[in-house]
Amino acid sequence: MSDLLLRLAPLVTLGVVAAGLIANLAGGPRPDQPALALPTALAYGLLALLWRHDQTRPDHRRHSRLSLILGLAIAAGCLLTLADRWTGLFGGRLDTVLRLAELGQLGLNGHVSSKSLLFIATCALALLSTRRNRLLSSLFVLALLGICNVAVVDLAMSGALWDRELSVWSTLAAFTLTLAAALRLRERSLFSALFLPGIAGMALRLMAGLALILPMLAGWIYAVVMTPKPQEADLIAQLFGGLGWVMFQMTFLLGLIIAQELRQSEASAQQDSVTGLLNRAGIAAAVRAIEADVAGVLMAEIDGFAPLTEALGNPGGDALLRQVSAAILRVVPEEDAIIGRLWDDEFLILVPNLTQPQLEQRAEALRQAVALLPPLATPAGPHPPRLTVGCATFIPARMTLDGLLNDATSALHWVTTARRDWFAGADTDIQAQAPPHPRPEEAGPDRTPADRAG
């Protein structure tokens, strides 16, 4: 749903801009009525196109040169015009050029307000920072929400905005672009809590909606009961709009607290209590989220774990599991690797984009790392820990988690059978001990993973 709204937001903005311009042209000259000014319409339309263009680029890429140039030009133009309007930095020349661009002499209505200039500049900066600094972009979007809140309360208090510098169309376009910016930042940002699944996410979205509706309703009731003058109404709109903005911040703060609690609870539910690695549920979640086209898989098993646990006791068995886990983490340092404990003595290691030779080298490194661990003190004497490792390949687009586990188990079964004499103390060559049935990757395409494992 969020992806659909994100794709539709720029198109809706363009539709609002087109409708505003048509309403401007169709009504004839109305100098005292609010309307969507031509420069404002062009700026909103260009921003909508830039947002749309940005959506077509993969997330790992930077902004295109076109987005950078136009975004910076829009932001700089608006901010310099504001400086010229407020301080006379350029002798009022930029503001004069902007007023000429409104084409009031040709019958067009509307005026580019300071609020519109501020919003357009902030929106452009939010766009430019989405791929570089999500925190900064989130702060820009919070500023957009504040401007929108004031404008919406203005709209509610007067039915049409008190001053002729803003219009219903401008407010709608601003609100739609703000929604697009918030949706663009729905992951790994201040706004991520609003998109939580389940009841918590629904409650937070309801609170965010109330932060917009309640100040608007309060402003409308005040306007009906008190009938304020336009100057007073503008002050009241800023007051109620600021109150709504504070309510937004409280919603985001509460959402971040809830999201943190949910993440901790989810992490606990997906973490093995003995080793600290992922458990089966955590492995399943991580595999579903993998983005690589192919990944190398290692299925590792501690040789003779059951009799060792009987000899050492449960505390000794847990200590061995933690030692093996630490050895695996040393051999597999990749941050995007998925490492978890499947069963009592079985570990699954999945490393994206690992080639078959690299996979075999990593499997040998795992065996050697465990073999270097201190011997276990059993009643029968010192026993060096050993690890059996099977290799498989995982293609997320073609395989499910069950298929991955079946293939990995089949590979481990082959290696386990090939080394079945380890606990007799032999150190025979593996290939000489290979079973007569084919290795998993050599099995025919008509055989199921269960057949391969048999």
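Conventions we followed
Residues numbered from 1 in each chain as written. Predicted model: local features only at pLDDT ≥ 70, side-chain atom pairs only at ≥ 80, totals over all residues. Heavy atoms only, no water. Patch = residues over 30% accessible without salt bridge, like charges linked within 9 Å, V, L, I, M, F, W, Y side chains within 5 Å. Areas by Shrake-Rupley, 256 points an atom, 1.4 Å probe, with all protein chains shown as cover. Salt bridge = Lys/Arg side-chain N within 4 Å of Asp/Glu carboxyl O. Buried < 20%, exposed > 50% of the residue type's maximum accessible area, 1.4 Å probe, protein only. Helix = DSSP H or I, 4+ residues; strand = E, 2+ residues; numbered from the N terminus. Pairing = 2+ DSSP bridges. Phe/Tyr/Trp six-rings, centres within 6.5 Å; stacked < 30°, edge-to-face > 60°. Core = buried A, V, L, I, M, F, W, Y, C linked by side-chain atoms within 4.5 Å. Contact = heavy atoms within 4.5 Å. pLDDT = per-residue confidence, 0-100.

**Student:** Tell me what's going on with a nonpolar patch on the surface, and back it up with residues and numbers.
**Tutor:** Nonpolar side chains collect at one region of the surface, where Leu 206, Leu 210, Ile 213, Leu 214, Leu 217, Trp 220, Ile 221, Val 224, Val 225 and Met 226 lie side by side and expose about 950 Å² of accessible area between them. Looking at Leu 217, the relative accessible area reads 42%, which means it is partly exposed.

**Student:** Give me the pairing of strand S3 (residues 346–352): which residues, what numbers.
**Tutor:** Counting buried residues along S3, seven of its seven residues qualify, which places the element largely inside the surrounding structure. Across the two faces of S3 the burial is the same, with Glu 346, Leu 348, Leu 350 and Pro 352 and Phe 347, Ile 349 and Val 351 all buried. Both strand S1 (residues 295–302) and S3 contribute to a ladder of seven bridges, which runs antiparallel. Bridging from a neighbouring strand, Glu 301 pairs with Glu 346 of S3. Relative to S3, strand S2 (residues 338–341) is paired through four bridges, and the arrangement is antiparallel.

**Student:** Just give me the short version of the packing of aromatic side chains, but keep the residues and values in it.
**Tutor:** Within the structure shown, the criterion is met by one aromatic pair. Residues Tyr 44 and Phe 119 carry aromatic rings whose centres are separated by 6.1 Å and whose planes lie at 65° to one another, so their mutual orientation is edge-to-face. Taken together, the positions of Tyr 44 in helix H2 (residues 38–55) and Phe 119 in helix H5 (residues 114–129) put the pair 75 residues apart, joining distant regions of the chain. No difference in accessibility class separates Tyr 44 from Phe 119, as the two residues are buried.

**Student:** Outline the nonpolar core, supporting the account with residue identities and numerical values.
**Tutor:** Membership of the largest hydrophobic core comes to 48 residues, with the highest contact counts inside it found for Tyr 44, Phe 119, Leu 177 and Phe 191. When contributions to this core are tallied by element, the ones reaching two or more residues are helix H1 (2–26), H2, helix H3 (65–87), H5, helix H6 (134–158), helix H7 (168–184), helix H8 (198–226) and helix H9 (230–269). No other element matches H5, which puts eight residues into this core. Every residue in contact with Phe 119, bar those within four places of it in the chain, is listed here: Tyr 44, Leu 144, Ile 147, Cys 148, Ala 174, Leu 177 and Thr 178. Core analysis: the second largest hydrophobic core is formed by 30 residues, Leu 277, Ala 300, Ile 302 and Ile 339 among them.

**Student:** Tell me about the environment of Gly 104, and name the residues and values.
**Tutor:** Here Gly 104 shows up in the loop between helix H4 (93–101) and H5. Gly 104 sits in the partly exposed class, given a relative accessible area of 43%.

**Student:** Just give me the short version of the confidence of the model for the protein, but keep the residues and values in it.
**Tutor:** Across the protein, pLDDT averages 77, with 83% of residues at or above 70. When the criterion is pLDDT under 50, residues 160–164 qualifies, and its contacts beyond four places in sequence or with other chains add up to 21 contacts. A low-confidence stretch, residues 420–454 (pLDDT under 50), is modelled with 42 contacts involving residues beyond four sequence positions or located in other chains.

**Student:** Would you mind going over the pattern of salt bridges in detail, with residue names and values included?
**Tutor:** Taken as a whole and assessed by the stated rule, the structure comprises four salt bridges. The residue Arg 99 makes a salt bridge to Asp 95 at a minimum N-O spacing of 3.5 Å. On the criterion of helical spacing, the pair formed by Arg 99 and Asp 95 is a turn pair, its members being four residues apart in helix H4. The exposure class of Arg 99 is partly exposed, given its relative accessible area of 38%. With a closest N to O distance of 2.4 Å, Arg 367 and Glu 364 form a salt bridge. Placement of the pair is Arg 367 and Glu 364 together in helix H12 (residues 356–371), with a separation of three residues, close to one helical turn. Residue classification places Glu 364 among the partly exposed residues on the basis of a relative accessible area of 31%. One salt-bridge network, held together by shared partners, links Arg 85, Asp 95 and Arg 99.

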